[in-house]
Amino acid sequence: MSAKKKKPKLLNKFDKTIKGEIDVAEKLRKKGKLEEALRAFEALVQQHPQSPRARYGKAQAEDALADKLRSNDMLQRSINTYREASELPDVTSDLLRAALKRRAERQQFLGRMRGSLATLEKLVQIFPEDIGLKNELGVAHLLLGDNKGAKKVYDEVLAVAPSNGFAKVHYGFILKSDNKIAESIPYLKEGLESGEPGTDDGRFYFHLGDALQRIGDSSAYQWYELGHKRGHFASVWQRSLYNVDGLKAQPWWTPKETGYTDLVKTLERNWKTIRDEALAVMDQNTGLFIPEEENLREKGEWGQYTLWQQGKKAGTACQGVPKTCSLLEKYSEATGCKRGQIKFSVMHPGTHVWPHTGPTNCRLRMHLGLVVPKQGCRIRCTDQTREWEEGKVLIFDDSFEHEVWQDAERYRLIFIVDVWHPELTAYQRQTLSPI
Ligand code: LMR
Ligand code: MN
């Protein structure tokens, strides 16, 4: 690779004849006089519709103006204009590349993932030697949930550039998502060690540590430490990635500390009613609800029955447990918790849930014990391990690492009620994106 990037050549032969006019418009854009710049570029495009550079300038002015006005319409206009610029005859290859790259970026920003994929596919076709473009194409596949397509792209990149760190972290991430734990480790590790742009992402530290923990390698914590130092994790133990800064952070909470004592009392006083309704919706043969689908179990049977998620009732689930739902109705700290769930959780003997971390520090998790065997069930959160009791509520912050064991004689049933972190304001509770 060359040490210094050459300045891109944006002007074609014709553009050079109107360079003076282009510079005037460009100066306005650089000074942030975006409306004026756009008018200047629009006039140039009218006069010289065949000028790629004028069209590209118009796209850039629209692009910046879209940010300033927070206007999706303006952004869509710029996305179209970038394409127009790229399709003009005699466009320089540098301008073509820059226009389509920015178009793909802005399409992603607007959530036009299919469009962005198409743009990047075209780019890769035109510039097959450009590895950076292939790497971006892989990301576009991932954003569409097309891990297979992404894997194919990174396979190709690594075949020609085996030390490319960006491709490595993404390839490792895909392997890990595919449950190829041991295989994923060297890719994630070497990709992170490369320090290349685009590799320093909390998700890669998160998944590398998780993979190491699952194979029993304690170097996981060194990676968590580094992830913390680089600002991705609030602490080594607290590794959620969707956070509000500054919220009180501790693994275990008392009801009083949360301020939600009324809710806790309601749960504890009515635990038998809640238990009996849960038992009635469990499959009598298997003793299960629907199986847990987050790939958190090492082994065993673990089923959940969800009443609320993302602050909304889940389908018709409440029809099966009407008393439980009406008990909860008035507690908006729980039913309105858009970053949590309310659900029953049944776990059978021989289950081990890997150490893991929830997605956000915006919720606390209440566990009401409903059917709790005398021995063999425990939950560790950070370095403190506790046991459930029937009719009693435990409260922890699941953004801290936790792990569960079920080695009892029979199943364990609990009721999980997530509540907003008490320090979140009403405004934050209304406006935080759901998880
Ligand atoms: C968890 O929330 O990860 C577990 O504690 C749930 C459960 O059923 O124990
Ligand atoms: Mn959990």
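Just above sits the structure.
Residues numbered from 1 in each chain as written. Chains lettered and ligands numbered in written order. Predicted model: local features only at pLDDT ≥ 70, side-chain atom pairs only at ≥ 80, totals over all residues. Heavy atoms only, no water.

Undergrad: Looking at this model, I keep getting lost on the sheet that holds strand β9 (residues 377-381). Mind explaining?
TA: Sheet strands associate in pairs through backbone hydrogen bonding, adopting either a parallel or an antiparallel arrangement. Within the open sheet, the five strands sit side by side as β3-β7-β12-β9-β10. Their pairing is antiparallel. The two strands at the open ends of the sheet, each matched to only one other strand, are β3 (297-299) and β10 (384-386). Taking each pair of neighbouring strands and ignoring which way they run, the sheet shows an average axis angle of 20°. Of the pairings in the sheet, the one linking β3 to strand β7 (residues 351-356) comprises two bridges and is antiparallel in character. Residue pairing across strands places Lys299 opposite His352, the latter belonging to β7. (Pairing = 2+ DSSP bridges. Helix = DSSP H or I, 4+ residues; strand = E, 2+ residues; numbered from the N terminus. Axes fitted to C-alpha atoms, helices over the stretch in contact; angles between N-to-C directions.)

Undergrad: What is the right way to look at the coordination of the manganese ion (ligand 2) in this model?
TA: Put simply, the ideal angle at a metal is 109.5 degrees for four donors in tetrahedral geometry and 90 or 180 degrees for six donors in octahedral geometry. On the protein side, the manganese ion (ligand 2) has His356 (NE2) and His402 (NE2) as donor atoms, found 2.2 Å from it. Taken together, the residues His356 in strand β7 and His402 in strand β12 (residues 402-406) connect sequence positions 46 residues apart. In this structure His356 comes out as buried when scored by relative accessible area, which is 13%. Looking at His402, the relative accessible area reads 4%, which means it is buried. (Donors = N, O, S within 2.8 Å, 3.2 Å for Na, K, Ca; no water. Buried < 20%, exposed > 50% of the residue type's maximum accessible area, 1.4 Å probe, protein only.)

Undergrad: Explain the state of the cysteines to me, please; I cannot follow it from the model alone.
TA: Formally, a disulfide is one covalent bond, and it connects the sulfur atom of one cysteine to the sulfur atom of another. Evaluated as defined, the whole model comprises one disulfide. Sulfur-sulfur distance for the disulfide between Cys318 and Cys325 comes to 2.0 Å. Taking the torsion about the sulfur-sulfur bond, which here is approximately -80°, the covalent link between Cys318 and Cys325 counts as left-handed. Note on accessibility: Cys318 and Cys325 belong to one class, buried. For the unlinked cysteine Cys337, the closest cysteine sulfur is that of Cys362, found at 8.3 Å. Overall, Cys337 belongs to the buried group, its relative accessible area being 1%. (Disulfide = S-S within 2.5 Å.)

Undergrad: How should I be thinking about the site of ligand 1 in this particular structure?
TA: In the vicinity of ligand 1, 13 residues are found, and the nearest of them are Ser345, His356, Arg365, His402 and Arg412. Within the side chain of Ser345, one N or O atom sits 2.4 Å away from an oxygen atom of ligand 1. A total of 260 Å² of accessible area belongs to ligand 1 in isolation, and the protein chains cover 99% of it. (Near = heavy atom within 4 Å. Polar contact = N/O pair within 3.5 Å; in protein donor to acceptor, adjacent residues only side chain to side chain. Areas by Shrake-Rupley, 256 points an atom, 1.4 Å probe, with all protein chains shown as cover.)

Undergrad: Looking at this structure, I do not really get the nonpolar core. What am I missing?
TA: It is characteristic of soluble globular proteins that their nonpolar side chains tend to be buried jointly. The biggest cluster of nonpolar side chains holds 42 residues, and the ones touching the most others in it are Leu263, Leu267, Leu307, Phe344, Met366, Phe415 and Val417. In this structure Val417 touches Leu263, Leu267, Leu328, Ala334, Gln341, Ile342, Leu364, Arg365 and Met366, once residues within four positions along its chain are discounted. (Core = buried A, V, L, I, M, F, W, Y, C linked by side-chain atoms within 4.5 Å. Contact = heavy atoms within 4.5 Å.)

Undergrad: Just checking my understanding: could you explain the pairing of strand β13 (residues 412-420) for this structure?
TA: Across a regular strand the side chains alternate sides, sitting on one face of the sheet and then on the other. Burial analysis of β13 places nine of its nine residues in the buried class, the great majority of the element. Where strand β6 (residues 341-347) lies against β13, six bridges are found, and the strand directions are antiparallel. When the sheet's bridge partners are listed, Phe344 is paired in β13 with Phe415. Two strands pair when backbone bridges link them, and strand β8 (residues 363-371) and β13 are joined in this way by eight bridges, in the antiparallel orientation. When the bridges of β13 are listed, Val371 appears paired with Leu413.

Undergrad: Sorry, what's going on with the environment of Gly320 here?
TA: Inspection of the secondary structure assignment puts Gly320 in helix α17 (residues 317-320). Gly320 gets classed as partly exposed once you look at its relative accessible area, which sits at 32%. Spatially, the C-alpha atoms of Gly320 and Glu387 are 28 Å apart, while their sequence positions differ by 67 residues. Excluding residues within four positions of it along the chain, Gly320 makes contact with Val281 and Tyr305.

Undergrad: What should I look at first to understand the side chain of Thr258 in this one?
TA: By secondary structure assignment, the location of Thr258 is in helix α14 (residues 255-258). Residue classification places Thr258 among the buried residues on the basis of a relative accessible area of 3%. A distance of 2.6 Å separates a polar side-chain atom of Thr258 from the backbone oxygen of Pro255. Excluding anything up to four places from it in sequence, Thr258 contacts Trp253, Leu364, Ile395 and Pro422.

Undergrad: Looking at this model, I keep getting lost on the packing of aromatic side chains. Mind explaining?
TA: Working definition: an aromatic ring pair is given by the centre-to-centre distance plus the angle between the planes. Counted according to the given criterion, the structure contains twelve aromatic pairs. Between Tyr224 and Phe233 the ring centres are 6.1 Å apart and the planes differ by 75°, which places this aromatic pair in the edge-to-face class. Each of the two residues, Tyr224 as well as Phe233, counts as buried. Grouping aromatic residues by their ring pairs yields a cluster made of Tyr221, Tyr224, Phe233 and Trp237. Sitting over the face of the ring of Phe109, Arg106 holds its NZ or CZ atom 4.8 Å from the ring centroid. If you follow Arg412 out to its NZ or CZ, it ends over the ring of Trp388, 4.5 Å from the centre. (Phe/Tyr/Trp six-rings, centres within 6.5 Å; stacked < 30°, edge-to-face > 60°. Lys NZ or Arg CZ within 6 Å of the ring centre and 35° of its normal.)

Undergrad: In this structure, what is going on with the environment of Leu212? I would like to understand it.
TA: Of note, Leu212 is situated in helix α12 (residues 202-214). What makes Leu212 buried here is its relative accessible area of 0%. For the pair formed by Leu212 and Ser78, sequence separation is 134 residues and the distance between their alpha carbons is 45 Å.

Undergrad: Mind showing me how you'd approach the pattern of salt bridges here?
TA: Where charged atoms from two side chains of opposite charge come close, those side chains can pair. Using the criterion set out here, one finds 30 salt bridges in the structure. When the shortest N-O distance is used, the salt bridge between Arg275 and Asp276 registers 3.1 Å. With relative accessibility at 41%, the residue Asp276 sits in the partly exposed group. (Salt bridge = Lys/Arg side-chain N within 4 Å of Asp/Glu carboxyl O.)

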